[in-house]
Amino acid sequence: MFGNLGISGNRSSPLWYVLSYSHPLEQLLANPEHFDVLIVGAGLSGIDAAHHLQKFCPRKSYVILEQRERIGGTWDLFRYPGIRSDSDMLTMGYSFRPWTHPKAISPGEDIREYITATARDEGIDRNIRFRHQIKRAEWSSEDAKWTVEAVKQSSSSGGSSNTAGDMTSGGVVTKEEAVILTCNFLFCCAGYYRYSAGYLPEFPNASRFKGRMFHPQAWPENLDYAGKRIVIIGSGATAVTLVPAMAKTAAQVTMLQRSPTYVISAPEKDRIANFLRHIMPAMWAYRLSRWKNVGFMTYVYQLSQRFPNFVKRGIIKKASKQLGTDFDVDTHFTPRYRPWEQRMCLIPDADMFEAIKSGRASVVTDQIEIFTEKGILLKSGKELEADIIVTATGLAMQAFGGMELIVDKQRVDPGQVLAYKGVMMSGVPNFASVFGYINASWTLKADLICNYVCRILNFMDSKGVRQVTPRPVDESAAAPFVENFSSGYIQRALAGWPKQGHKKPWRVYQNYFRDTISLKWTRVDDEGLEFSNPVAEIPRKSPKLAEDKQMAISN
C-alpha cells in the first residue's frame, strides 16, 4: 500500500514518517475529505479562481491548498527592496475588482494587500488551508476523481519531540502531517517557478568571497546595506528594480550584466486612469483604462514583431535621451536580440536611469572570470570590489507546483503531452492550470482561464457527465509551450513543459484578443475535448447502447 503512494522505501520522505507514526494509513484513506474543486495556490491566480467559482459555480464546494503561511504567492514571497509590479496594475489587477491606487506601477505591499483584501471581502480566505504542500495527485477514471496527497506543516515553540515527523530548529518544533483529500476537478494556480530557491549558476570560486552573497528570492530579513558597496549580478526585472532602490542608501551599486536588456521607462502614475476615476464610477473608469492599456500593449507587441528594427531604434533613442549623450548606451542598453524575444524591463519614471546619472549606480557589461576575496574579477581584468553580492540570476521554472501527476496508475510526463488552449493537457482528465502571458500582464490570461474552467464545469453538469479529457486527433508536437522567447529561465525548462501542436486548439497564443474569443466565446464542446462518464455508470445490458451513449457524450 505504501508503494501505491509512491513512498515505498523512501524513509527520508516526510510522508513516510508521518504515515508511519502519526496516522494509520487506512484511516487517512478510508474517509478523505472531498471537494468538487481543489485549487492549488492562494496567490493572484488562486484567489481569481475562487472568485469565479463562487460567482459562476456557486453550488460547487472548493478548497485552496497553499504551501506558504499567507495569501499572496509571488507578492508575499519576494521581499527585496523596491519590489513592485513589472507591468501596470490596471491590467494586472482583477477584471472584477478595480485597482484604485494612484500608482499604476505599484509597490509589492500594495499588490499583496489588494489580493488579501479581495480574499477577505469575498469570504475566500475561509476556504484556504495554509502550509499545505501538495506532493502527488492521482486520477482514477473508474471513480472519476483525484486523490491528492499533501504535507501540512505546523510549528510550536519550545518543548521537545521524538516523533519521526517532527523537526526541531532554533527551539521551534515543526510537525509534518500527511493530508489526503479527493476532488472532482484539480485546478493548479501555483505559478510557474520554484518557490524554495531561485536559479543560481555555478560561479567559479564563489566560496572565496568574504562578504555576503544571496539570491533575491531569499532576501535576508532586516539586511542593513547602508553605506555598503553592492554588486547586483543580472539585468532582468529584479535587477533593474534593486538598483535604484538600494542606491538610495548604499555607498555604490553596480549592476553587472553579461549582455544588455531592453529597459523602458513609463510613468508610475497613469494620468488618464486617475482622471477618469474623478469623473465616473470606479468600475467604469477601471474598465476603460484597462482596455486602453491592453490595446496599447498589443499594439506595441505586434509592431515589434512586424518592424523590430524600428521599435529597437525607438527604445534605444529614448534611453539615450534619458541617460544623456555622455553615457555609452550602445554597450550597456543595446541588446543583441529583437524586441520581445525576451521580456522587456519596465522602470517607473526612469528611476534606474536617474540613479545612474546621479553617480550612485553604474552598469558594467562584462563576464565573470572568477570570484575573489574582495569581489569579482572580470574577463576584462577589472575587479569589482563589494561588501554584498546579490545574484539576481533568474527563476527556476517548475510545472504545476512540483507535484507528481498520475493518471490511472501511469505517471504524467508534462514534457510529452500537448497543451489544450494553454489550459489543459492531453490525456489528463479534469485538470487545468494557469500560465499567464509573457508579453502582457499575467492576470489577463488568468481571468480568461478561470472563466473558461467555470464554463467547462457548468457544461459538464448540464450534460450529466463527470469527466473531460483533451484528446488530440492527428496532432503532434510542433513547438515548445512558449516559442520565440529566448530568456534563460524559459529555455532552461521548456523540455519539461507541455508542447504546442500544429493548429488550434493545440496552440498557445500570446494574444489577449484571440484568447478572449477562444476561451470566453467559443463553444465549450469544441474540437479536441472528450466528455464522458466512468464506464461503470454506462448500462452494461447492451454493448451497443453503451457505445452510442459514449459517442453522444463525446460529440
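Residues numbered from 1 in each chain as written. Predicted model: local features only at pLDDT ≥ 70, side-chain atom pairs only at ≥ 80, totals over all residues. Heavy atoms only, no water.

A.B. asks: Give a description of the nonpolar core that names residues and reports values.
C.D. replies: Where a protein is soluble and globular, its nonpolar side chains tend to be buried together. Trp146, Leu186 and Phe187 are the most contacted members of the largest nonpolar core, which totals 142 residues. Phe203, Ile233, Ile368 and Ile376 belong to the second-largest nonpolar core, a separate cluster that totals 14 residues. (Core = buried A, V, L, I, M, F, W, Y, C linked by side-chain atoms within 4.5 Å. Buried < 20%, exposed > 50% of the residue type's maximum accessible area, 1.4 Å probe, protein only.)

A.B. asks: I'd like a description of helix 9 (residues 282–306), backed by residues and values.
C.D. replies: Between its terminal C-alpha atoms helix 9 stretches 36 Å, which fits the 36 Å expected from 25 residues at 1.5 Å a residue. For helix 9, the full list of buried residues reads Ala285, Tyr286, Ser289, Arg290, Asn293, Val294, Met297, Tyr301 and Ser304. Residues of helix 9 that are buried sit in contact with helix 5 (89–92), helix 6 (108–121), helix 8 (271–279), helix 10 (308–323), helix 13 (442–463) and helix 15 (512–521). (Helix = DSSP H or I, 4+ residues; strand = E, 2+ residues; numbered from the N terminus. Expected span 1.5 Å × (residues − 1). Contact = heavy atoms within 4.5 Å.)

A.B. asks: So, unusual backbone geometry: which residues are in play, and what are the values?
C.D. replies: Backbone geometry follows two general trends: most residues other than glycine have a negative phi, and most peptide bonds adopt the trans configuration. Here the amide bond leading from lysine 504 into proline 505 is cis, since omega sits at 5°, within 30 degrees of zero. Its place among the elements puts proline 505 in the loop between strand 25 (499–500) and helix 15. Here the phi dihedral of asparagine 222 falls at roughly 60°; this positive angle occurs in a residue that is not glycine. With respect to the secondary-structure elements, asparagine 222 resides in the loop between strand 8 (212–214) and strand 9 (229–233). Phi is positive for aspartate 349, which is not a glycine, with a value near 50°. Within the element layout of this structure, aspartate 349 appears in the loop between strand 12 (345–348) and helix 12 (351–358).

A.B. asks: Please provide a residue-by-residue account of the pattern of salt bridges, values included.
C.D. replies: For the coordinates displayed, the defined rule picks out 29 salt bridges. Taking the shortest distance from any N to any O, the salt bridge between aspartate 86 and arginine 343 comes out at 3.5 Å. Taken as a pair, aspartate 86 in the loop between helix 4 (74–77) and helix 5 and arginine 343 in the loop between helix 11 (329–332) and strand 12 lie far apart in primary sequence, 257 residues in all. Lysine 379 is the partner of glutamate 369 in a salt bridge, and the nearest nitrogen-oxygen pair spans 3.5 Å. Pair noted here: glutamate 369 is in strand 14 (residues 368–371) and lysine 379 is in the loop between strand 15 (375–378) and strand 16 (383–385), with a separation of 10 residues, a long-range link. Judged by relative accessible area, glutamate 369 falls into the partly exposed class, the value being 37%. (Salt bridge = Lys/Arg side-chain N within 4 Å of Asp/Glu carboxyl O.)

A.B. asks: Summarise the sheet that holds strand 16; cite the residues concerned and give the values.
C.D. replies: Across a sheet, paired strands are connected by hydrogen bonds in the backbone, their directions being either parallel or antiparallel. The strand order across the open sheet built from 3 strands is 14-15-16, with neighbouring strands paired in antiparallel fashion. Either end of the sheet is taken by a strand with one partner, and the two such strands are strand 14 and strand 16. Taken pair by pair, the neighbouring strands of this sheet meet at an average axis angle of 25°, ignoring direction. Summarising the sheet, strand 15 and strand 16 pair through 3 bridges and their orientation is antiparallel. (Pairing = 2+ DSSP bridges. Axes fitted to C-alpha atoms, helices over the stretch in contact; angles between N-to-C directions.)

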